[in-house]
Amino acid sequence: MGLNVSELIEALPADLEPTQSLASDASLQAMLQELAHRPVPVGRFPRLWALGTLQGKIAAAYLAWFLRSSYASAEKKEEALNEAHLKAALKLLGTMGYLRGAIMKLGQVLGAYPDVAPEQFMEVLGRLHFEAPAMHFSLLRENVRNELGDDPEALFADFETEAFAAASLGQVHRARLPESNRAVAVKIQYPNIARTIRQDLENFKTIMFPMRLSGDWDNLREQFTDMVTTLEMETDYEQEAENLRIARLAFAEADEIDVPRVYPERSTRRVLTMDLIEGLHLDDFLATNPSQEVRDRHGRQILLAAMKLSYGSHLLHADPHPGNYLFQRDGRLGYIDFGCCQRYTDQIVAYLEEVEEAMLRSPERLREALIRAGDLTPKQQQDAARLRLMEDWCDWVAEPLRYDGAFDFAADSYLQRGIELYGELVRRRYFRSQPINTWMTRQLLGVRLMLHRLGARVNMKEIHERVSG
Amino acid sequence: MRITESAKLETQQRIVTAARKLFVEKGFDATTTRDLAAEAGIATGTLFNYFPAKEALALELMLEAAAAARLEVAGRDAASGGLAEKLFLLVATEIRHLRPCRGFVKAVLETSLSPFASGEAESPGGRYRREHLQLLERMLREHGAEVAVATSFIALHLYWTLYIGVLAFWAEDDSPNQEETLVALDQATRLFVDWLGSAGSQPSHLPGVVKE
C-alpha cells in the first residue's frame, strides 16, 4: 500500500469547515449549527480538540483517506457532498474529547505502521475506549449528592477524596460503610457523559451514513452499533449490579473466586457501591515472578469463572481483559467489572449446545450446527470458504477442550493461530449475522489471551466436563 | 409617627418571606406586586418603598441564598483542592442554594445582573457582584495567582462573564438534576484557571487595577 503519513496529513481538510455545497443540505446545516453552539462537554480547553496532537491528526487523516478511497468512483457532485460530510465528521470527531486518548493511540499505531489495512483500522475503531476527565472531589460531591441524596462524607465513613482507580467513564474511591466498617469501592460516573457520547455517536452516524460509500462501509456501521451497545452496557451501573448479583450466585467458596457484593441502598444507575477486593492486576502480578503452580491455580480460576457463568448462569462476560481480574495474596481470584455482559437467550443456549456437541463429539454435524447458530442465509450457506473458516475457528476453540491433561496456554503457536483466525472472521464479518457470536468470539479469544499472558497450564477438559455436566 | 428602623427591617423581612413563598407556590411571572403586598400585610404602594420591582425582590432572595452558600463554603476544608476545584465549589454551592430561585434567575439576569446593568456598587446587582468577586479575589490570592493578573479588570471581567454564563445555562438546563450545568461549570473553571496560568506567565501588560 505504501501510505506516506506526511502526505496523508497534507490531505486533511485545511479548515474543517463545511463548504458551500452544503447549502442545499438543510438537515446537515442544522446539525452543524447546533454543533457550533453546543458546549464541548469534556477536557481542558487547550486540549479539547481531540485532533490537536500529531497522533490525532494521523488518525483523522487515515480515516479521511479511507473514506475518500471508498468514494473515489462516485460522480463529481456526489464527491463534493461526500467531502462536505467528511469535513463535518472530522469536526465532530475533534470535539469528542473522551476519545482523545484512544485516537492518540490509534494515531500512534498508524504512524508506526501506515500499511495497516482499512479493515484492521475498523476493527480497532470498534474497540475505541471512552475516557471521562477526572473529577475533583467538589464535582464528585455534587454528583453523589444528586445521585444518592447526600454528600459522600455523610453516607460513608472514611471516603477517600482521591480516586484509586479509573473506571469506564468514571472513577473509583475507597470508603467504609458506617454501619459495619466494611471496606467498599465506590464507582462514580462523570455527569452526563453517557448522554453526550450517545448524542455524538448519533450525530456521527447522521453525518456519515448519507455518504455514498462502497466496500467496507457496512463494517463501519456495525462497529458503530457495537460502540453504542458497549456504551449502553458500561454506563448502566444498575445493570452491572444485576450482573454482579448473578455472578456471585454462580460460585462456591471452594472455587476461590471472589465477586464483590453490591450495596443497593448506596447504588444507582451512575454510582455503584460494592465490596472492595484488594489484589494485583495482571502486570503487577507477573512482576512478582509467580511460580508455575500459582499461575496454573489462577488459570484454573479464570477458566472456571468463564465457564460457570456461561453454562450455569447463561451470562457472557463479553470483553475479558486484565482489568477484570485481581490476583489476591491468598491465592484467590478477584473477578470484578461486570459492565460488559450479555445474557444468552434460551434459543442461543440451544444453538451453542448443538455446536459444542458437534465440535467435541460429532464433527460430521458441525457444519449444519454452525449454519443454524449463525443464522446463515442460503447464499452464505453456499460459501465454502466461510464455512471452512468457521470450522477452523471451532477447531481452535476445541483444541484445549479435547486435550487430556494440562494444556499449555503459554504456547505462542496456539495463540497466534487464534489471533489470525479471529482477524479473518472479523475482516469478513462472518459472525455479524448473529450479534451474540461477535461477543462470544471476543470472549473466547480474550480468556485464552489472559491464560497465555499468565503462562498457565490448565486441564480445561476436566473443568469443562465438571461444569457443563 | 415615624417608623423605626427595626420596624422597617421587620416589614422588609415580611416582604421577602412573602416573595419566597409566592414565587414558589404561584411562580415568579404569575405573582403580582398586589399578591406580594397582600401576603406581607401591607399596601401595594408601601411595597415599592422597599423594592422598586419584583426583580429586585428576586435578587434579594438570590443574595440571601448566595450568602448562605458562602457560609457553607467557608465551613469546608480550606486546605484541599486546586484553584479550579475551589472555584467550582463556590459556584456549585451557590447554585445548589439558589435552587428555589431557579424559576426567576433568568428575570434577574436580564435586569439587575445583566452585563448592561449599571452595576453601581450599592445597587442590589452591584452588591451581588461585589460580594462574589471579593470572595474570588481572596481565593486567587490564597492560591498565589500573580496578583496583578488575578485582580486585573480583564481577569475579573472574564470570570464574571463565565459565572453569569453558567447561571444562564443552569436557568434553562432541563437535564436530570441539571447535571449538564455541573459539566459546564467544570469546563468553565478549568478554562479560567488555565487562562490565568498562561496570562500570568507572560510579561504583564495588564493594568493592575481592581475595578469594582
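Residues numbered from 1 in each chain as written. Chains lettered and ligands numbered in written order. Predicted model: local features only at pLDDT ≥ 70, side-chain atom pairs only at ≥ 80, totals over all residues. Heavy atoms only, no water.

The next thing to look at is the overall build of chain A. Each helix and strand in chain A was counted, giving 20 helices and eleven strands. The buried share among the 469 residues of chain A stands at 54%. Residue pairs at least 24 apart in sequence account for 73% of intrachain contacts in chain A once pairs closer than 6 positions are excluded. In the structure as shown, chain A presents an accessible area of about 20,800 Å², 50% of it carried by carbon and sulfur atoms. (Helix = DSSP H or I, 4+ residues; strand = E, 2+ residues; numbered from the N terminus. Buried < 20%, exposed > 50% of the residue type's maximum accessible area, 1.4 Å probe, protein only. Contact = heavy atoms within 4.5 Å. Areas by Shrake-Rupley, 256 points an atom, 1.4 Å probe, with all protein chains shown as cover.)

Check the secondary structure of chain B and you find ten helices and zero strands. Listing each helix as α and each strand as β along chain B from the N terminus yields α-α-α-α-α-α-α-α-α-α. The buried share of chain B, reckoned over its 212 residues, is 46%. In chain B, the proportion of contacts linking residues at least 24 apart, taken out of those at least 6 apart, comes to 74%. Surface exposure of chain B reaches about 10,300 Å², of which carbon and sulfur atoms provide 57%.

Turning our eyes to something else, we now look at the sheet that holds strand E5 (residues 271–275) of chain A. Either a parallel or an antiparallel arrangement is found when strands of a sheet pair, and the pairing is made through backbone hydrogen bonds. All names here are of chain A. Reading across the sheet, the four strands line up as E1-E2-E3-E5 and stay open at both edges, with antiparallel pairing between neighbours. Looking at the sheet topology across the chains shown, the edges are occupied by strand E1 (165–167) and E5. Along the sheet, successive strands turn relative to each other by an average axial angle of 30 degrees, direction set aside. The pairing of strand E2 (residues 170–176) with strand E3 (residues 183–189) spans seven bridges and is classified as antiparallel. Along E3, the bridge assignment pairs glycine 170 with glutamine 189. Sheet contacts for helix H11 (residues 237–250): E3 and E5; angle to E5, the most-contacted strand, approximately 20 degrees. (Pairing = 2+ DSSP bridges. Axes fitted to C-alpha atoms, helices over the stretch in contact; angles between N-to-C directions.)

Residue and element names in this part refer to chain B. The interhelical angle for the contact between helix H1 (residues 5–25) and helix H4 (residues 54–75), taken along N-to-C directions, is 90 degrees, at an axis separation of 10 Å. Judged by the inter-axis angle, H1 sits roughly perpendicular to H4. Together, Gln13, Ile15, Val16, Ala19, Arg20 and Phe23 of H1 and Lys54, Leu57, Ala58, Glu60, Leu61 and Glu64 of H4 make up the contact between the two elements. Tallied by class, residues from the contact of H1 with H4 come to seven nonpolar, one polar and four charged. (Parallel < 35°, antiparallel > 145°, perpendicular 65-115°, else oblique. Nonpolar A, V, L, I, M, F, W, Y, C, P; charged D, E, K, R; others polar.)

Ranked by size, the top nonpolar core spans 104 residues in total, and within it Met62(B) and Tyr128(B) carry the most contacts. Every residue in contact with Tyr128(B), bar those within four places of it in the chain, is listed here: Leu59(B), Met62(B), Leu63(B), Ala66(B), Arg70(B), Glu94(B), Leu98(B), Leu113(B), Trp160(B), Tyr163(B) and Leu167(B). Counting 69 residues, the second-largest nonpolar core is a separate cluster that includes Ile246(A), Leu303(A), Leu387(A) and Val447(A). (Core = buried A, V, L, I, M, F, W, Y, C linked by side-chain atoms within 4.5 Å.)

On to the interface of chain A and chain B. If you look at the interface, chain A gives 26 residues, while chain B gives 21 residues. Counting the surface lost from both chain A and chain B, the interface buries some 2,200 Å², and carbon and sulfur atoms represent 47% of this. Where chain A packs against chain B, one counts five salt bridges. Put simply, Asp151(A) and Arg76(B) hold a salt bridge, and the shortest N to O gap is 2.9 Å. Counting across the interface, chain A meets chain B through nine residue pairs in polar contact (both at pLDDT 80 or more). In terms of residue class, the side of chain A that touches chain B is built from twelve nonpolar, six polar and eight charged. (Buried area = accessible area lost by both parts, 1.4 Å probe. Salt bridge = Lys/Arg side-chain N within 4 Å of Asp/Glu carboxyl O. Polar contact = N/O pair within 3.5 Å; in protein donor to acceptor, adjacent residues only side chain to side chain.)

This part is about the confidence of the model for chain A. All names here are of chain A. Looking at chain A as a whole, its pLDDT mean stands at 81, while 76% of the residues score no less than 70. Confidence over residues 16–25 falls short of pLDDT 50; this stretch has 18 contacts with residues more than four positions distant or in other chains. Every residue in residues 35–48 scores below 50 in pLDDT, and together they form 33 contacts with partners more than four places removed in sequence or on other chains. (pLDDT = per-residue confidence, 0-100.)

A few words on the packing of aromatic side chains. Residues and elements named next belong to chain A. Throughout the structure, instances matching the rule amount to 21 aromatic pairs over all chains. With a centroid separation of 4.5 Å and 15 degrees between ring planes, the pair formed by phenylalanine 285 and phenylalanine 327 is classed as stacked. Residue phenylalanine 285 is located in helix H12 (residues 282–287), and its partner phenylalanine 327 is located in strand E7 (residues 325–327); the two are separated by 42 residues in the primary sequence. Exposure class is identical for phenylalanine 285 and phenylalanine 327. Each is buried. An aromatic cluster is built from Trp393, Trp396, Tyr403, Phe407, Phe409, Tyr414 and Tyr422, whose rings are joined through pairwise contacts. (Phe/Tyr/Trp six-rings, centres within 6.5 Å; stacked < 30°, edge-to-face > 60°.)

Attention shifts here to unusual backbone geometry. A positive phi angle, close to 55 degrees, is found at His314(A), a residue other than glycine. Note that His314(A) resides in the loop between helix H13 (292–313) and strand E6 (315–317).

Before going further, it helps to spend a moment on helix H5 (residues 83–97) of chain B. With 15 residues, H5(B) extends 21 Å from end C-alpha to end C-alpha; this agrees with the ideal 21 Å at 1.5 Å per step. Burial analysis of H5(B) places 14 of its 15 residues in the buried class, the great majority of the element. (Expected span 1.5 Å × (residues − 1).)

Moving on, we come to the layout of surface pockets. Over the atoms rolls a probe the size of a water molecule, and in doing so it shows where empty space is left. All names here are of chain A. Roughly 680 Å³ of internal volume is contained in the second largest pocket. Together, 31 residues line the second largest pocket, and Tyr311, Leu352, Glu356, Met440 and Leu444 are the ones closest to its centre. Mapped by element, the contributors of at least two residues to the lining of the second largest pocket are H13, helix H14 (346–360), helix H15 (366–374), helix H17 (384–402), helix H19 (435–454) and helix H20 (460–468). No other element matches the seven residues that H19 contributes to the lining of the second largest pocket. Here the residues of the lining of the second largest pocket sort into 21 nonpolar, seven polar and three charged. (1 Å grid on protein atoms, 1.4 Å probe; cavity = no way out; pocket = protein on both sides within 12 Å on 5 of 7 lines; lining within 4 Å. Points joined across faces, edges and corners; volume = space filled by probe spheres on them.)

All names here are of chain A. Judged by pairing direction, the sheet is mixed, and its three strands sit side by side in the order E4-E8-E7 without closing on themselves. The sheet is open, and its two edges are formed by strand E4 (257–258) and E7, each paired on a single side. Inspection of the sheet shows E7 paired to strand E8 (residues 333–335) by three bridges, in the antiparallel sense. What sits directly across from phenylalanine 327, in E8, is leucine 333. This element, H13, spans E4, E7 and E8 of the sheet and lies at about 35 degrees to E8.

As a further point, take the environment of Ala19(B). All names here are of chain B. For alanine 19, the location among the structural elements is in helix H1. Here the alpha-carbon distance between alanine 19 and alanine 37, two residues 18 residues apart in the chain, equals 9.3 Å. Other than its neighbours up to four places away in sequence, alanine 19 contacts Leu36, Leu57 and Leu61.

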